[in-house]
Amino acid sequence: MSIDRKAVIAAYKERKTVAGIYVVRCAATGGAWVGQAPNLETIQNRIWFSLRQGSHTCRSLQAAWNTHGEAGLTLGECERLKDEASDYVRNALLKERMLHWLSELKAEPI
């Protein structure tokens, strides 16, 4: 393995992730689904992959995808959490803020 490759791998492992709350919206129906993620930068890829496979656990979101396709859905950030020292604190904050956004947006949980 070359030195450059090792440096790239090390940098990837040391990168900062941003936890937060996101919303998936369907333009055609006005439907909204809210979820929490330990890394907002990678969540869309994960969700879209499971939707393409037809295996997403949220049936109503999967149905919207099947009806309207990728172009009919958008993903946006609701809130980014500040960096927390403890995973326990971060997870508690994610749960609390997700409940807030579910109520605020009258959305379904993912």
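Note that this is a predicted model, so its numbers are computed, not measured.

**Comments concerning the overall build of the protein**
When you go through the protein residue by residue, the secondary structure sums to four helices and four strands. Seen through its principal axes, the protein has C-alpha atoms that stretch 50 × 30 × 20 Å. Looking at the protein residue by residue over its 110 residues, the buried ones come to 33%. Positive and negative charge centroids in the protein, built from 15 and 12 side chains respectively, lie 4 Å apart.

**Let's talk about the confidence of the model for the protein**
Here the protein averages 92 in pLDDT, and 98% of its residues register 70 or above. Per-element confidence in the protein is highest for strand S1 (residues 20-26), whose mean pLDDT is 98, and lowest for helix H1 (residues 3-14), whose mean pLDDT is 80.

**Quick look at the pairing of S1**
Consecutive side chains along a regular strand alternate between the two faces of the sheet. Here S1 lies mainly inside the structure; six of its seven residues are buried. When S1 meets strand S2 (residues 32-37), the two strands line up antiparallel, connected through six bridges. Bridge pairing in S2 links Val23 to Val34. Connecting the antiparallel pair S1 and S2 is a turn made up of five residues, with Gly30 showing a positive phi of about 80°.

**Some points on helix H2 (residues 40-53)**
Its 14 residues give H2 an end-to-end C-alpha distance of 21 Å, which sits within 8% of 20 Å, the value for a rise of 1.5 Å per residue. Listing the buried residues of H2 in full gives Leu40, Ile43, Ile47, Trp48, Ser50 and Leu51. Relative to the axis of H2, the buried residues are bounded by an arc of 165° and lie together on one face. Exposed and facing more than 90 degrees away from the buried side of H2 are Glu41, Asn45, Arg46 and Gln53. In this structure, the buried side of H2 is in contact with S1, S2, helix H3 (59-68) and strand S3 (73-80). By the N-cap criterion, in which a side-chain oxygen at the helix start approaches the backbone nitrogen of a residue two or three places on, H2 is capped by Asn39, the distance to Glu41 being 3.1 Å. Immediately downstream of H2, the backbone of Gly54 shows phi near 75°, a positive value.

The rules we used
- Residues numbered from 1 in each chain as written.
- Predicted model: local features only at pLDDT ≥ 70, side-chain atom pairs only at ≥ 80, totals over all residues.
- Heavy atoms only, no water.
- Helix = DSSP H or I, 4+ residues; strand = E, 2+ residues; numbered from the N terminus.
- Buried < 20%, exposed > 50% of the residue type's maximum accessible area, 1.4 Å probe, protein only.
- Lys, Arg positive; Asp, Glu negative; His and termini not counted.
- Charge placed at Lys NZ, Arg CZ, Asp CG, Glu CD.
- pLDDT = per-residue confidence, 0-100.
- Pairing = 2+ DSSP bridges.
- Expected span 1.5 Å × (residues − 1).
- Arc of directions from axis to C-beta.
- Contact = heavy atoms within 4.5 Å.
- Polar contact = N/O pair within 3.5 Å; in protein donor to acceptor, adjacent residues only side chain to side chain.

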